[in-house]
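# A look at the structure
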Amino acid sequence: MTKKYFGTDGIRGRVGIDPITPEFIMRLGYSAGKVLSAMDWHLTEGKHPTVLIGKDTRVSGYMLEAALEAGFSAAGVDVFLSGPMPTPAIAYLIRALRLQAGIVISASHNLFEDNGVKFFSADGRKLPDEIEHRIEALLEEPIESMPSDKLEKEQRIKDASGRYIEFCKSSFPYHLDLRGLKIVVDCANGAAYNIAGHVMHELGAEVVAIGVQPNGLNINHECGATHCSTLQKAVLQHHADLGIALDGDGDRIMMVDKQGRLYEGDQLLYIIAKHRKMRKMLKGGVVGTVMTNLAIENRFKKMKIPFLRAKVGDRYVIELLHEKKWYLGGENSGHIVCKDKHTTGDGIISALQVLHALRDTHKTLAQFMHGVSLYPQRLINVKIPKSFDFNNDKEIKAIQEAAETDLNDKGRVLIRASGTEPLIRIMVEGESKHKISQWAERIADTVRTASKAK
């Protein structure tokens, strides 16, 4: 059954436009609260389910936090508030505090005009589809507030950041440290602005922190993991050894070496996997996505590391890891999941796993990637009518087959619908930059023509 509001990463959109309005978000809190209240939590008599609400630094977070809190309170659910905290911190704190759910108010890597809400279950993982369907089913029901004597008060967690900093540090080996390293940390003026630098500093690094002056409007603006040129310039300017860029809610990571070279999610995932294989710490295989560079898959084959592709979205990476009982996966966008360290993707913890590899082997990022050349990729987005079904279009199928035949085993073609916008995303990958560009343009033209004809 298709969900109306929930996407691959919660509910997201432009603030003030349905569904990101105070009215809808209050109903969402109420509906989620009613679903949670109906579940068997084995709570002691008189106790209510308790949820934790965190947020990033967007100015709209205050409004949406109040709306969510009102909805949960009306449903008779206790609320803890953490204030600005990275998404993975909320996933950790739910388990640490033995709560029934967690909610993060964030639009991740988007700019401040957008916002969203994503849920975590008691085990620190994204909510199952079944629970999201149950919440959506109640959204059209009227709010019937609990009697005054059943309403709950909110409580603020004063030591949330300290708890999470210690948790992150615990993922780094005790016999190693970061002394002697100068690291630029770009927090994207987001939720990790008062956390990531402290983690690196307490492990011994000299830290230059940028993107740590959030004003509610500058999250992800020309900084962070979606705008790495700022970090590259800062690394060169400060003569740093490394740079780490997070996104607005702290679950994505990119890294830069001392020469200013950028290392994206696929490369960082490869470095962690290679180090774990080298030290016989890799349990099972690695999960990527349909967007993972073919050069990484081919290298894993040579290293005899099992590799599988999930759909785009970290929740699908985590689901496949859980199914295979593997521990390592990720996306080129910078979502990296180390399931032996955390239940979800965590930018700080992922950075520490890469730093573990570097400190343990005395190698650089470039040395780890020696001999691995990523295939060029050409990405094109094509706007389409919402009703257009490209999967059953004969012309699109024919051009895709022609491209795949021409590229043979030295490239691939991916055509998929966006999960959040009326777009078809086209990706062509291969050894020849000229050839993949030609095929991407031809496929895009075919999609445009076919969608207009419908």
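Analysis parameters
Residues numbered from 1 in each chain as written. Predicted model: local features only at pLDDT ≥ 70, side-chain atom pairs only at ≥ 80, totals over all residues. Heavy atoms only, no water. Core = buried A, V, L, I, M, F, W, Y, C linked by side-chain atoms within 4.5 Å. Buried < 20%, exposed > 50% of the residue type's maximum accessible area, 1.4 Å probe, protein only. Helix = DSSP H or I, 4+ residues; strand = E, 2+ residues; numbered from the N terminus. Contact = heavy atoms within 4.5 Å. Patch = residues over 30% accessible without salt bridge, like charges linked within 9 Å, V, L, I, M, F, W, Y side chains within 5 Å. Areas by Shrake-Rupley, 256 points an atom, 1.4 Å probe, with all protein chains shown as cover. Salt bridge = Lys/Arg side-chain N within 4 Å of Asp/Glu carboxyl O. Pairing = 2+ DSSP bridges. Axes fitted to C-alpha atoms, helices over the stretch in contact; angles between N-to-C directions. Phe/Tyr/Trp six-rings, centres within 6.5 Å; stacked < 30°, edge-to-face > 60°. Lys NZ or Arg CZ within 6 Å of the ring centre and 35° of its normal. Right-handed = clockwise from strand over helix to strand, strands pointing away. Expected span 1.5 Å × (residues − 1). Polar contact = N/O pair within 3.5 Å; in protein donor to acceptor, adjacent residues only side chain to side chain. Parallel < 35°, antiparallel > 145°, perpendicular 65-115°, else oblique. Left-handed = near helix turned anticlockwise from the far one by under 90°. Nonpolar A, V, L, I, M, F, W, Y, C, P; charged D, E, K, R; others polar.

Before going further, it helps to examine the nonpolar core. Counting residues in each nonpolar core, the largest one holds 66 residues, and the members touching the most others are M200, I348 and L355. Among the elements that take part in this core, helix α11 (residues 347-361) stands out by supplying eight residues, more than any other. The residues touching I348, leaving out its near neighbours within four places in the chain, are Y164, C168, I195, A196, V199, M200, L246 and G250. In this structure, I11, A32, A67 and L68 belong to the second largest nonpolar core, which totals 31 residues.

Together, V59, Y62 and L217 make up an exposed nonpolar region whose accessible area comes to about 320 Å². Within the secondary structure, V59 is located in the loop between β2 (50-55) and α2 (60-74). When its relative accessible area of 45% is taken as the criterion, V59 is described as partly exposed.

This next bit is on the sheet that holds strand β13 (residues 307-310). Judged by pairing direction, the sheet is mixed, and its four strands sit side by side in the order β13-β12-β14-β15 without closing on themselves. The open sheet has two free edges, formed respectively by β13 and β15 (336-338), since each of these has just one partner strand. Here the average twist between neighbouring strands, direction ignored, is 20°. With four bridges joining them, strand β12 (residues 286-289) and β13 adopt parallel strand pairing. Paired with V286 across the strands is F307, a residue of β13.

Note on strand geometry: in a regular strand, side chains alternate between the two faces of the sheet. Of all five residues in strand β4 (residues 101-105), five are buried, a share of seventy percent or more. Along β4, one buried face is formed by A101, I103 and I105 and the opposite face, lined by G102 and V104, is buried too. Direction of pairing for β2 relative to β4: parallel, over a ladder of five bridges. In the sheet register, G54 faces β4, and the bridge partner there is V104. One ladder, built from five bridges, connects β4 with strand β5 (residues 114-121); its direction is antiparallel. The residue of β5 that forms the bridge with I103 is F119.

In this description, an aromatic ring pair is defined by two values, namely the gap between the centres and the angle between the planes. A complete count under the given rule lists six aromatic pairs for this structure. Every member of this aromatic cluster is reached through a ring pair, and the members are Y92, Y164 and F167. The ring of Y62 carries K55 above its face, with NZ or CZ at 3.6 Å from the centroid.

Time to look at the pairing of strand β3 (residues 78-84). The buried fraction of β3 amounts to six of the seven residues, a majority that puts the element mostly inside the structure. Pairing analysis gives six bridges linking β2 to β3, with the strands arranged parallel. Its bridge partner being in β3, L52 is matched across the sheet by F80. Note on the crossover from β2 through α2 to β3: the handedness is right-handed. Pairing between β3 and strand β6 (residues 154-156): three bridges, direction parallel. Looking across to β6, one finds that V79 is bridged to E154.

Taking 1.5 Å per residue, 15 residues should reach 21 Å; α11 reaches 22 Å between its end C-alpha atoms and fits that length. Across the 15 residues that make up α11, a large majority, 13, are buried. Two or three places before I348, at the start of α11, stands the capping residue D346, its side-chain oxygen 3.0 Å from that residue's backbone nitrogen. H362 lies just past α11 and shows a positive phi near 60°.

With their axes 9 Å apart at the nearest point, helix α8 (residues 265-278) and α11 run at an angle of 50° to one another. As judged from the angle between their axes, α8 and α11 are oblique. Crossing angle aside, the handedness with which α8 passes α11 is left-handed. Residues L268, I271, I272, H275, R276 and M278 of α8 lie in contact with α11, whose contacting residues are S350, Q353, V354, H356, A357, D360 and T361. Split by residue class, the contact of α8 with α11 holds six nonpolar, five polar and two charged.

This next bit is on unusual backbone geometry. A negative phi holds for most residues other than glycine; trans holds for most peptide bonds. The amide bond that connects D18 to the next residue, P19, takes the cis arrangement and shows omega of 15°. Within the secondary structure layout, P19 lies in the loop between β1 (11-14) and α1 (22-38). Positive phi is not limited to glycine here, since E222 has a value of about 55°.

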